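# A structural walkthrough
Spelled out, the chains give:
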Amino acid sequence: MSADNENKVIISVKDLCKHYNGGEIKALDGITTDIKKGEVVVVIGPSGSGKSTFLRSLNLLERPTSGTITFEGQDITSPSTNINKLRQNMGMVFQHFNLFPHLTIMKNMTLAPMKLRGLSKEEAEKKALELLAKVGLQDRASAYPSQLSGGQKQRIAIVRALAMDPEVMLFDEPTSALDPEMVGEVLEVMKNLAKAGMTMVCVTHEMGFAREVGTRVIFMDCGKIIEENTPEEIFTNPQNERLQTFLKKVL
Amino acid sequence: MYTKKANLILIVGIIALVLSVFPGAGLICAVFGLVLYAANKAVRTSIRADIGRGLSIIALLVNLVLITYILLFRHLDNAPAWLLSLRESFYATKFYGEFENNFLIDKRYTYISKGLGVTFEVTFFAVLLGIALGVIVALVRSSYDTLKEELKGGFGKAILYILYKICGVYLTVIRGTPVVVQLMIIYFVIFASSNNKILVAVLAFGINSGAYVAEIIRGGIESVDKGQFEAGRSLGFGYVRTMTFIIIPQAFKTVLPALANEFIVLIKETSVSGYVGLQELTKGGDIIRSRTYSAFMPLIAVAIIYLLIVIFFSWIVSLLERRLKSSER
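Residues numbered from 1 in each chain as written. Chains lettered and ligands numbered in written order. Predicted model: local features only at pLDDT ≥ 70, side-chain atom pairs only at ≥ 80, totals over all residues. Heavy atoms only, no water.

Scanning chain A from terminus to terminus reveals 10 helices and 10 strands. Against the 2.2 N^0.38 benchmark of 18 Å for 251 residues, chain A shows a C-alpha radius of gyration of 18 Å, consistent with a compact globule. With respect to the principal axes defined by its C-alpha atoms, chain A has extents near 50 × 45 × 45 Å. A burial count over chain A gives 53% of its 251 residues as buried. Relative to all contacts within chain A whose residues are 6 or more apart in sequence, the contacts with residues 24 or more apart total 65%. Side-chain charges of chain A comprise 30 positive and 31 negative groups, with the mean position of each set lying 5 Å from the other. (Helix = DSSP H or I, 4+ residues; strand = E, 2+ residues; numbered from the N terminus. Rg over C-alpha atoms; globule rule 2.2 N^0.38 Å. Buried < 20%, exposed > 50% of the residue type's maximum accessible area, 1.4 Å probe, protein only. Contact = heavy atoms within 4.5 Å. Lys, Arg positive; Asp, Glu negative; His and termini not counted. Charge placed at Lys NZ, Arg CZ, Asp CG, Glu CD.)

Structure representation (structure tokens):
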């Protein structure tokens, strides 16, 4: 991969605002940032800081009040954009997994590739099995989500998103709903994904993950980006007072 | 293993039903099935055993009716004298006189049997119409709720808004007026020129039931976790495909028992069709009453028939609920 390619901006966010109650509550208050190919951007901040809203705005699960988001050169906030097409290139992993409980793991993973990418059943299943093998769950293909542990569900949720070959993966607090002993297995999968060069935006409370895997950390509070830097700098040399108090509490 | 016994009870139930062709044998088989069920407590957790018991009970009832019929009315060769004299003394009772007068003379039982057929016909088509209407209305209402933010103005939103409002009026009017009044309005006002009473009844009860079904289905759609919808959309599915592949299959499971109950309610509701002169089950019983001036037998007979139908379908619904629950594990 050339250096030029590595610096390519995939998602460009400009002046993003999300207001509720006619501007009374500002969940997002003028967010501007670029996400480049291969980056692992970790978003941290206290609860209610707008970090989840920011992440969910990136694939328009939240409709921003104003501002623009450009994904692969297309303004996705414009009404004429086919958002369904764009979402196919943005995988998303949720806090509560959101696996489809009425479908087997295999069907969870092959539904979207078959219906949206036009893969045949054999192709989709072959791919799903490869991905399942990567997260060590190939033997659970015929199980239903309710038969899996939380950590297994989240690993499945990650590979379900990966089955669509996304350009970017969005993680919305992927380990927050897990029992402590299951956090490690999910972070391991995410680490491997980062190593493989996937562009990732990750809202998390796992500071260890942010430090070890992140290429950039964004600290948000009150709907604004307060500080943005390499993990090194953020954790060893925080500039803003609010970041300093936040880190004191969580570390 | 109790599954073997459960299977046995199921098979005995089926055989009992088939053996009803030979009433005595069917009766013995049905009793055998019920004893088996009563003797094995462990078996009661099994749906198959419950189905078997239900079939045995049905076979038992059928056999008892058939045996009574044969003993009382069929010509019996070489019948013992005491039986024939018993029969004669039964014929002399007041009870039998009433029975004969209400059901046998002029084949009056056909009012009941034909009426039952009409009741089933109206209910069946009304259920189909009700479900079709209900699904459409529920989809319009819930899609407006979820899409109003996504559709930023424009033609599509205007249409959806108008449909949403129409559905709102439909629900308010239908649920706010008695079904008898709706039935009479459709028959005497809207279809004043037509005399197709079954069609009118199907329309009236279908439209009425649609309003309730719509709310049941909407409740089901809303009971599906919002995260499911987001997961579908985030994979790239549009609204319609997210609904068809992800939301509706899950909602269907939760609403199935409620829908089946709506069907049971509908069967009983059709009894008011007599207001427009449709000869369904209730009206059939009422006609007999007006011919014979004796109310007890025809009305009780009608009540028993409704009761048996409702018990039967309630049983089916309870099996369905258990089946759905067991597949959640």
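Our next topic: a nonpolar patch on the surface. Residues and elements named next belong to chain B. Together, I57, L61, F296, I300, I304 and L308 line one region of the surface with nonpolar side chains, adding up to about 540 Å² of accessible area. The element that contributes the greatest number of residues to the nonpolar patch is helix 13 (residues 296-328), accounting for four residues. Structurally, the position occupied by L61 is in helix 3 (residues 47-73). (Patch = residues over 30% accessible without salt bridge, like charges linked within 9 Å, V, L, I, M, F, W, Y side chains within 5 Å. Areas by Shrake-Rupley, 256 points an atom, 1.4 Å probe, with all protein chains shown as cover. Salt bridge = Lys/Arg side-chain N within 4 Å of Asp/Glu carboxyl O.)

Paired through backbone hydrogen bonds, the strands of a sheet run either parallel or antiparallel to each other. Residue and element names in this part refer to chain A. As summarised here, the arrangement of the six strands in space is 6-7-8-3-9-10, forming an open sheet in which the pairing is mixed. This sheet does not close on itself; its edge strands, each paired only once, are strand 6 (90-93) and strand 10 (224-229). Sheet twist, expressed as the mean angle between neighbouring strand axes with direction ignored, is 20°. For strand 3 (residues 40-44) and strand 9 (residues 216-221), the ladder comprises four bridges, and the chain directions are parallel. Looking at strand 9, one finds that V43 is bridged to I218. Contacts from helix 7 (residues 180-195) reach strand 3, strand 7 (168-172) and strand 8 (199-203), with the element oriented near 145° to strand 8. Lying over the sheet, helix 10 (residues 241-250) contacts strand 3, strand 9 and strand 10, oriented at roughly 100° with respect to strand 9. (Pairing = 2+ DSSP bridges. Axes fitted to C-alpha atoms, helices over the stretch in contact; angles between N-to-C directions.)

All right, on to helix 7 (residues 154-176) of chain B then. Each turn of an α-helix holds 3.6 residues, which means side chains three or four residues apart point in the same direction. All names here are of chain B. Along its 23 residues, helix 7 runs 33 Å from first to last C-alpha, staying within 8% of the 33 Å computed at 1.5 Å per residue. Of the residues making up helix 7, those classed as buried are L160, Y164, C167, G168, Y170, L171 and I174. Contacts made by the buried residues of helix 7 are with helix 6 (109-147), helix 8 (179-190) and helix 9 (197-223). (Expected span 1.5 Å × (residues − 1).)

Counting residues at the interface gives 25 residues for chain A, matched by 22 residues for chain B. Between chain A and chain B, the buried area comes to about 2100 Å², and carbon and sulfur atoms account for 57% of it. If you sort the residues of chain A by the area they bury against chain B, R63, F100 and H102 of chain A come out on top, with a joint share of 26%. Seen at the junction of chain A and chain B, the total is one salt bridge. Here E230 of chain B and R56 of chain A are joined by a salt bridge, their closest N and O atoms 2.6 Å apart. Counting across the interface, chain A meets chain B through seven residue pairs in polar contact (both at pLDDT 80 or more). For the side of chain A that touches chain B, the secondary structure elements donating two or more residues are helix 3 (83-87), strand 6, helix 4 (105-116) and helix 6 (150-162) of chain A. (Buried area = accessible area lost by both parts, 1.4 Å probe. Polar contact = N/O pair within 3.5 Å; in protein donor to acceptor, adjacent residues only side chain to side chain.)

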